[in-house]
Amino acid sequence: MTLKYDPNVKYAKTDEWARVEGDLVVVGISDYAQDQLSDIVYVELPEVGAQVSAGDVVGTVESVKAAADLMTPVSGEIVEVNEALDDSPELLNEDPYGAWIFKVKPSDLAELDDLMTAAEYEAYNATREH
Amino acid sequence: MKFDDYIYDLSSPGRTGVDLPEPDVPPTPIPEEFLREDLPLPELSLPQVTRHYLRLSQKNYAVDKGFYPLGSCTMKYNPKVNEWAVRLPGFANIHPLQHPHTVQGAMGLMYELQEMIGEIAGFDAVSLQPAAGAHGELTGVLIMRAAQLARGETQRHKVLVPDSAHGTNPASTSMAGFTAVEIPSDKDGNVHIEALKAALDDEVIGIMITNPNTLGLFESNIVEVCELVHEAGGLVYGDGANLNAIVGIVRPGDLGIDVMHFNLHKTFSTPHGGGGPGSGPVGVTAELAPFLPGPIVALNEAEDAYIWHYPEKSIGRIKSFYGNFGVMVRAYAYIKMHGAEGLRRVSETAVLNANYLQARLLQMGDYPVPYGHRFCKHETVAQGKIAGAEDVRTLDIAKRLIDYDFHPPTIYFPLIVHEALMIEPTETEDKETIDAFLDALDKIADEARENPDLLHEAPHHAPVRRLDEVRAARHPILIRLPSAKAASER
Ligand SMILES: Cc1ncc(COP(=O)(O)O)c(C=O)c1O
């Protein structure tokens, strides 16, 4: 079971990934996060239209093991959420980099520079294993 | 053994288990609009009902049937003499609305229990009202906040919670309307002192700390933690769920803790976890005593009588009547039965058993023990990460233990240990039982390497096979109505 790291996204320490698409930032959770959580049973999605700052808790991802806060890695306005997750939260387990959770219209793209590259995130995860 | 029918499916129309006597008072008719044609209750004879529920109970696993090492839950043996005590008519047949003069015995028991657990943990005053540990936490956080508001400190709204804490700690914080701030642990499993210092400011209500913590480790920084929090004007909440490890050895109140809940159902041996309700009294320092929820029992010396007392700045009632009285009677019986000496030996034996278990786990080497470089207290946290069996997870190991007739340990908690197996043997188990459990874990490690599917498909010998937890969580069916078959026959 090797975990996947997507070179086209940037990672937050709290295990969200962010990918620029046009003028939006798309956010999901990493393969490491879904693996740690195991089977995901519920996603509390952010509210469309909410103004958020980087690091804000905007939702929850709940698995049979635990409930984890979902944080936004960038500031701005939430413009879209992936409603398919309401009925099929398992999409986050099956395809963590395909199944996005929400899209933000960013107010400051430079915030992405504070996030980790795939290689940095992989190294970071290696230090977290007990 | 197959899973039995539901009681509704056994129903047959017109069958009955009781003969109700003719009414001996004039009947009062039920108003027309409240009458209904159909009452979907099962119709069975008395032996059917007895057999149905006895069979169901036999499928259940209980501490009276075997080893139940559910970490953090303290599933010790519950002495049967407690059950005798609580069934005494003077305790069992009283009503909470009775005049205090007629229930002096029961009030006296509550008074003595307040005094005894206050003495055990080093607190000046105790309220027995909260219904369980988590309820005690909510009560404690509200008390801390009330005390600070009384000092005019309205800006405080944050509660610090270590990352090893039980989920009820941040949950109680949120329920009280405050913000939980997570504090990391250091490499020895203690609260990270530098991170604590950085988080302390004048917006902090206080910290919630569990000692021994959920890693089963004594917080060796506890005195420093209390001092730092107090210097910042905060208060220290002690989560007393793990008191079983330290009774008669160290008193949380003496360490600097301001308010703490007791889990009477754990430390003082009353059936819980499906076996009965809990009881989560809170103990406080003299400074916080005026804020306790009422009523508590006080002694009116002039009249030599017990009375109900509402502390003057009480946060109010947090439970109807007086708390879970039956649990109090059992805990009282347990404390009296052991005495001070006996209670200390309870803790010493609980710690000895856990350390024996940890030492053998380290020797076996199949299950990593991340904090195994320290002695543990009443429990130890291992990991279901068996070298050479990478696709076997803690869940599989836990399910396989059921086939060996053991209740699995707590799994996936504390959250900071990956694939956690949290094992609490308690003092009531003998060496043979603990050895048999460890032998089973040893065999399971071999099975994991040789035939992992045996684990993936476990349990094989339980009344039900592997439950689909994911489907249960995603598509829960919360009530089961009488089946179509039973309904059509009615
Ligand atoms: C460390 C800890 N704190 C608090 C609680 C909550 O206690 P209760 O289950 O009585 O509400 C538990 C229960 O398992 C616990 O283990």
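Our structure is the block above this text.
Quick summary incoming for the structure in this document. (Residues numbered from 1 in each chain as written. Chains lettered and ligands numbered in written order. Predicted model: local features only at pLDDT ≥ 70, side-chain atom pairs only at ≥ 80, totals over all residues. Heavy atoms only, no water.)

### Regarding helix H12 (residues 394-403) of chain B
All names here are of chain B. Stated formally: Type-normalised accessible area, obtained with a 1.4 Å probe on protein chains alone, sets the label of each residue: buried when under 20%, exposed when over 50%, and partly exposed for intermediate values. Think of it this way: any DSSP run of H or I at least four residues long counts as a helix, any run of E at least two long counts as a strand, and we number them from the N terminus. Any two residues having at least one pair of non-hydrogen atoms within 4.5 Å are treated as being in contact.
Buried residues dominate H12, accounting for eight of its 10 residues. Those residues of H12 that sit buried are Thr-394, Asp-396, Ile-397, Ala-398, Lys-399, Arg-400, Leu-401 and Asp-403. Where the residues of H12 are buried, they touch strand E11 (410-411), strand E12 (420-423), helix H13 (431-450), helix H14 (452-456) and helix H15 (469-474).

### Considerations on the pattern of salt bridges
Residue and element names in this part refer to chain B. We count it as follows: Salt-bridge detection follows one rule: a side-chain nitrogen of Lys or Arg within 4 Å of a carboxyl oxygen of Asp or Glu.
For the structure shown, the criterion picks out 29 salt bridges over all chains. A salt bridge links Lys-76 to Glu-427, with the nearest nitrogen and oxygen atoms 2.8 Å apart. Linking Lys-76 in the loop between helix H1 (46-59) and helix H2 (80-86) with Glu-427 in the loop between E12 and H13, this pair joins segments that are 351 residues apart in sequence. By the burial criterion, Lys-76 is buried, and Glu-427 matches it. Where Asp-254 meets Arg-251, a salt bridge forms, and the shortest distance between an N and an O atom there is 2.9 Å. For Asp-254, a relative accessible area of 54% corresponds to the exposed category. One salt-bridge network, in which partners are shared between bridges, spans Arg-151, Glu-153, Arg-156 and Glu-287.

### Observations regarding the packing of aromatic side chains
All names here are of chain A. Convention followed: In summary, the pairing rule links any two rings of Phe, Tyr or Trp, Trp by its six-membered ring, whose centres are within 6.5 Å, and it sorts them by plane angle into stacked for under 30 degrees, edge-to-face for over 60 and tilted for everything else. By definition, being over a ring means that NZ of Lys or CZ of Arg is both within 6 Å of the ring centre and within 35 degrees of the ring normal.
Across all of its chains, the model carries 15 aromatic pairs over all chains by this definition. With a centroid separation of 4.1 Å and an interplanar angle of 5°, the aromatic rings of Tyr-11 and Tyr-121 are classed as stacked. Placement of the pair is Tyr-11 in strand E1 (residues 10-11) and Tyr-121 in helix H4 (residues 118-128), with a sequence separation of 110 residues. Tyr-121 shares its class with Tyr-11; the two are buried. One aromatic cluster in this structure is built from Tyr-5, Tyr-11, Trp-17, Tyr-97, Tyr-121 and Tyr-124. Positioned above the aromatic ring of Trp-100 is the side chain of Lys-103, whose terminal nitrogen or guanidinium carbon lies 4.5 Å from the ring centre.

### Thoughts on empty space enclosed by the protein
Residues and elements named next belong to chain B. Going by this rule: For each structure, a 1 Å grid was placed over the protein atoms alone; sets of points admitting a 1.4 Å probe that cannot get out are labelled cavities, open sets with protein on both sides within 12 Å along at least five of seven lines are labelled pockets, and lining residues have an atom within 4 Å of a point. Grid points are joined across faces, edges and corners, and a volume is the space filled by probe spheres set on the points. When residues are sorted by character, Ala, Val, Leu, Ile, Met, Phe, Trp, Tyr, Cys and Pro go into the nonpolar class, Asp, Glu, Lys and Arg into the charged class, and all the rest, Gly among them, into the polar class.
With the rule as written, the count across this model stands at four cavities of 30 Å³ or more. Among the elements that line the lining of the largest cavity, the one with the most residues is strand E5 (residues 235-240), at three residues. Classifying every residue of the lining of the largest cavity by side-chain character gives six nonpolar, three polar and one charged. Looking at the second largest cavity, the residues that line it are Leu-215, Leu-217, Gln-358, Val-369, Tyr-371, Gly-372, Cys-376, Glu-379, Thr-380 and Val-381.

### As for the nonpolar core
The tendency in soluble globular proteins is for nonpolar side chains to be buried as a group. Worth spelling out the cut-off: Joining through side-chain atoms within 4.5 Å is the link that ties buried Ala, Val, Leu, Ile, Met, Phe, Trp, Tyr and Cys residues into a set, and such a set is a nonpolar core. Domain limits in this description derive from either an automatic procedure or a database domain assignment.
Residues B:Leu113, B:Ile117, B:Leu196, B:Phe262, B:Leu264 and B:Phe268 are the most contacted members of the largest nonpolar core, which totals 57 residues. Every element with two or more residues in this core is listed here: H2, helix H4 (104-121), helix H7 (193-199), strand E4 (204-210), helix H8 (222-231), strand E6 (259-262) and helix H11 (325-364) of chain B. If you count residues domain by domain, this core takes at least three from each of domain 2 (81-338) and domain 3 (341-474) of chain B. Contact partners of B:Phe268, with chain neighbours within four places excluded, come to B:Ile117, B:Ile120, B:Leu243, B:Phe262, B:Asn263, B:Arg330, B:Ala331, B:Tyr334, B:Ile335 and B:Leu343. One finds A:Val27, A:Val43, A:Leu70 and A:Leu115 within the second-largest nonpolar core, a separate group that totals 25 residues.

### Quick word on the site of the ligand
Residue and element names in this part refer to chain B. Keep this limit in mind: We define proximity as follows: a residue is near a molecule or strand when any one of its heavy atoms falls within 4 Å of that partner. Residues adjacent in sequence count toward polar contacts only when both atoms are side-chain atoms; beyond that, a polar contact is any pair of N or O atoms within 3.5 Å, and within protein one must be able to donate a hydrogen and the other to accept it. Accessibility throughout is a Shrake-Rupley quantity obtained with a 1.4 Å probe, and a residue counts as covered only by protein chains that appear here.
Near the ligand the following residues occur: Ser-72, Ala-132, Gly-133, Ala-134, Glu-137, His-166, Thr-168, Asp-239, Ala-241, Asn-263, His-265 and Lys-266. In this structure, an oxygen atom belonging to the ligand sits 2.5 Å away from a side-chain N or O atom of Ser-72. Contact between the ligand and Ala-134: an oxygen atom at 2.8 Å from a main-chain N or O atom of the residue. Burial of the ligand by the protein chains amounts to 86% of its free accessible area of 390 Å².

### Description of the packing of H4(B) against H11(B)
Residues and elements named next belong to chain B. Using the following cut-off: The axes used here are C-alpha line fits, helices contributing only the stretch in contact, and every angle between their N-to-C directions lies in the interval 0 to 180 degrees. Angle categories are assigned with fixed cut-offs, so that under 35 degrees is roughly parallel, over 145 is roughly antiparallel, 65 to 115 is roughly perpendicular, and the rest are oblique. Put simply, a crossing is left-handed when the front helix is turned counterclockwise from the back one by less than a right angle, and right-handed when it is turned clockwise.
Remark: H4 packs on H11, axes separated minimally by 10 Å, with the N-to-C direction vectors making an angle of 50°. As far as their axial angle goes, H11 and H4 are oblique. Handedness of the H4/H11 crossing: left-handed. Contact residues: H4 offers Ala-106, Leu-109, Met-110, Glu-112, Leu-113, Met-116, Ile-117 and Ile-120, while H11 offers Phe-325, Met-328, Val-329, Tyr-332, Ile-335, Lys-336 and Leu-343. Classifying every residue of the contact of H4 with H11 by side-chain character gives 13 nonpolar, no polar and two charged.

### Quick look at the sheet that holds strand E6 (residues 57-63) of chain A
Residue and element names in this part refer to chain A. Counted only if it meets this: For two strands to pair, DSSP has to find at least two bridges joining them.
One open sheet holds the three strands; their spatial order is E4-E6-E7, and the pairing between them is antiparallel. Both edges of this open sheet fall to strand E4 (40-44) and strand E7 (67-71), since each of them pairs with a single strand only. The average undirected angle you get between the axes of adjacent strands in this sheet is 25°. In the sheet, E4 pairs with E6 via four bridges, with the strands oriented antiparallel. Each bridged residue has a counterpart across the sheet, and for Tyr-42 the counterpart in E6 is Glu-62.

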